[in-house]
Each structure stands twice: as structure tokens, then as C-alpha cells.
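# Geometric and topological summary
Listed below are the residues making up each chain.
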Amino acid sequence: MELLSPRVNSARLPAFMGRTVRLPCKVLKFQGASVIVEACDGGQVEVRLNPNSGLTATFVEIIGQVVGESAIKFLFGINLDSDKELDMKLVNDVVELTFDPRFKKMFPQ
């Protein structure tokens, strides 16, 4: 696993093929060895899980390797749930700001 893992949304996944990324998302449904999530920009992504994923929350951040335009191989997950909804529009705005050229030194890709 590489040390750099940029935070992305579903629209940015294809640009990171084969790389490790972080995907803040909402769990929609489990399907066998995968989970379908809604990324912070509203796009759906398939996350290919390992047997001990430990995902128990509605809102999670997936750390994984991009294996398709809308698919990630799970490496690690962080449960983000609180007692309130997570503002996914705000999360997406933060993700997009990390790609703004003005902040290139702060958020290398």
C-alpha cells in the first residue's frame, strides 16, 4: 500500500486507477462480498470487501485500491457515524478543494 491516499469522490475514481484512495461515503447495501456505497458526490461505488471489513456504520471512509471506474478493493475502513447525519455536500466540497491548484502544496496527488 502506498503512503499517499488522496480523498476522492466517485467522479475522480477513474483518474486514480490502481492507486490507493480514501472514499468518504454512505453505505447503501451489502451484496455478498461487496458493499454498494454512495460517495459524497452522490455517485455509487462498489467496494469489494475482505471477510473482516468491520464496517458497522452508515457513514464510513473506505481506504482501498481503485480497481475500476466505480470499484474499489477494500483495504481498511473507518466508521464515521455519530448520532446525526453527515453533510455529504460539505464533505464533497472539501474533497474538491483538495484538487484546487491553489492548494497543491497542501494536498499533493
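First, a word on scope: everything that follows refers to the structure included in this document.

Scoring rules and cut-offs
Residues numbered from 1 in each chain as written. Predicted model: local features only at pLDDT ≥ 70, side-chain atom pairs only at ≥ 80, totals over all residues. Heavy atoms only, no water. Buried < 20%, exposed > 50% of the residue type's maximum accessible area, 1.4 Å probe, protein only. Helix = DSSP H or I, 4+ residues; strand = E, 2+ residues; numbered from the N terminus. Pairing = 2+ DSSP bridges. Axes fitted to C-alpha atoms, helices over the stretch in contact; angles between N-to-C directions. Arc of directions from axis to C-beta. Contact = heavy atoms within 4.5 Å. Polar contact = N/O pair within 3.5 Å; in protein donor to acceptor, adjacent residues only side chain to side chain. Core = buried A, V, L, I, M, F, W, Y, C linked by side-chain atoms within 4.5 Å.

### Focus: the pairing of strand β2 (residues 34-39)
Among the six residues in β2, five count as buried, and that is most of the element. Pairing of strand β1 (residues 20-31) with β2, which is carried by six bridges, proceeds in the antiparallel orientation. Bridge assignment links Lys26 to a residue of β2, and that residue is Glu38. Linking β1 to β2, which pair antiparallel, is a turn of two residues; within it Gly32 sits at a positive phi near 60°. Relative to strand β3 (residues 44-48), β2 runs antiparallel, the two sharing five bridges. In the sheet register, Ser34 faces β3, and the bridge partner there is Arg48. If you look at the hairpin formed by β2 and β3, you'll find four residues sitting between the two strands, and Gly42 has a positive phi there, around 95°.

### Topic: the sheet that holds strand β5 (residues 71-79)
The strands that make up a sheet pair up through hydrogen bonds in the backbone, lying either parallel or antiparallel. With mixed pairing, the five strands of this closed barrel are ordered in space as β1-β2-β3-β5-β4. For this sheet the average axis-to-axis angle between neighbouring strands, irrespective of direction, equals 55°.

### Focus on the pairing of β1
Examined bridge by bridge, β1 and strand β4 (residues 59-68) share seven bridges and lie antiparallel to one another. Across the sheet, the residue bridging to Pro24 is Glu61, located in β4.

### Some points on helix α1 (residues 88-97)
For α1, the complete set of buried residues consists of Met88, Val91, Asn92 and Val95. For α1, the angular spread of buried residues about the axis comes to 100°, placing them on one side. With respect to the buried face of α1, the exposed residues turned more than 90 degrees away are Lys89 and Leu90. Contacts made by the buried residues of α1 are with β1, β2 and β4. For α1, the N-terminal cap is Asp87; the gap from its side-chain oxygen to the backbone nitrogen of Lys89 is 3.2 Å.

### Here we look at the side chain of Ser34
Inspection of the secondary structure assignment puts Ser34 in strand β2. The contact partners of Ser34, leaving out residues within four places of it in the chain, are Lys29, Glu46, Val47, Arg48 and Leu49.

### Thoughts on the nonpolar core
Counting 26 residues, the largest nonpolar core has Leu23, Val37 and Ile62 as the members making the most contacts within it. The set of elements that each furnish at least two residues to this core consists of β1, β2, β3, β4, β5 and α1. Once residues lying within four places of it in the same chain are set aside, the contact partners of Leu23 are Val8, Asn9, Ser10, Val37, Ala39, Val45, Val60, Glu61, Ile62 and Ile72.

Shape descriptors only; they carry no functional weight alone.
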